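# Survey of secondary and tertiary structure
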Amino acid sequence: MSLLLFFCDSSSCIQMSKNPVFQNLDHPGVSHCAKITYDENAITNAVEIYDDTSGAVRMMTSNNDSVVRVFDAQNFTVLQRFYFPWPINHTSVSPDGKMVVVVGDNADCLLADCQNGQTLATLKGHLDYSFASAWHPNGWIFATGNQDTTCRLWDARNLSSAVIVLKGCIGAIRSLRFTSDGRFMAMAEPADFVHVFDTLQNFSKCQEIDLFGEIAGVSFSPDTEALFIGVADQTYGSLLEYKRLHATDYLDSVI
């Protein structure tokens, strides 16, 4: 199943709202549109599409009303609601579908059970609110991005402290993505900077992409050959594509 999700209010399509719109890319038209909360101050900040432990496709929404909702991707019914003490900005489900990272308007991040929402561990180290999270394909390492301009890498086998702390340039870490092979991690700031880290070098080597404009988000292609960067600028709004470079022999001709 190929699903496309965006958020829409009654007048125009926008990045965040209370009303998610679901579209199946295999079929024309909108598959489902509904208001998921009656809290007028709540917005849906993020949606995670994943396979649960049974293999069924699920959708998890992060909302400012402090509720994480799990939807059935076939009929769009709400299967579960997980309640937390602060607004939720992002969630990431582990590759095996058993755990979920929950981050929001609190300096602490949470690792919870994906089946019942119970907190398994509280992650301490960040200094401000968190906006992003992502799992490495190995199922043990995951990352959290925070307004304190850092990304912290955690090991689910030992959560006493972050194993690595990565620093941004100018602002909060708003988007995090690993390649499907786990070789690279992209870390995006609110504007101008995207950092691509080599995980095999223990995140010590980084390519910094310096662009112009506010960054809507980043994503790798499934085959890891391309990095896409969304630019959310009224004048220069665009989708940038960067190709993965496998050889640098051409540099010999320059030297």
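Right above here is the structure, for reference.
Residues numbered from 1 in each chain as written. Predicted model: local features only at pLDDT ≥ 70, side-chain atom pairs only at ≥ 80, totals over all residues. Heavy atoms only, no water.

At Thr 149, a residue that is not glycine, the phi angle is positive and equals roughly 70 degrees. In this structure, Thr 149 sits in the loop between strand 14 (141-146) and strand 15 (150-155). A residue is classified by how much of its surface remains accessible, and Thr 149, at 15% relative accessible area, is buried. Although it is not a glycine, Phe 203 adopts a positive phi angle of roughly 65 degrees. Looking at the secondary structure, you find Phe 203 in the loop between strand 19 (191-198) and strand 20 (206-220). (Helix = DSSP H or I, 4+ residues; strand = E, 2+ residues; numbered from the N terminus. Buried < 20%, exposed > 50% of the residue type's maximum accessible area, 1.4 Å probe, protein only.)

Using the criterion set out here, one finds eight salt bridges in the structure. A salt bridge links Arg 183 to Asp 198, with the nearest nitrogen and oxygen atoms 2.9 Å apart. With a gap of 15 residues between them, Arg 183 in the loop between strand 17 (175-178) and strand 18 (184-188) and Asp 198 in strand 19 connect regions that are remote in the sequence. The exposure class of Asp 198 is buried, given its relative accessible area of 9%. Ionic contacts of the salt-bridge type, sharing partners, join the residues Asp 52, Arg 58 and Asp 72 into one network. (Salt bridge = Lys/Arg side-chain N within 4 Å of Asp/Glu carboxyl O.)

That's the geometry; what it means functionally is another story.
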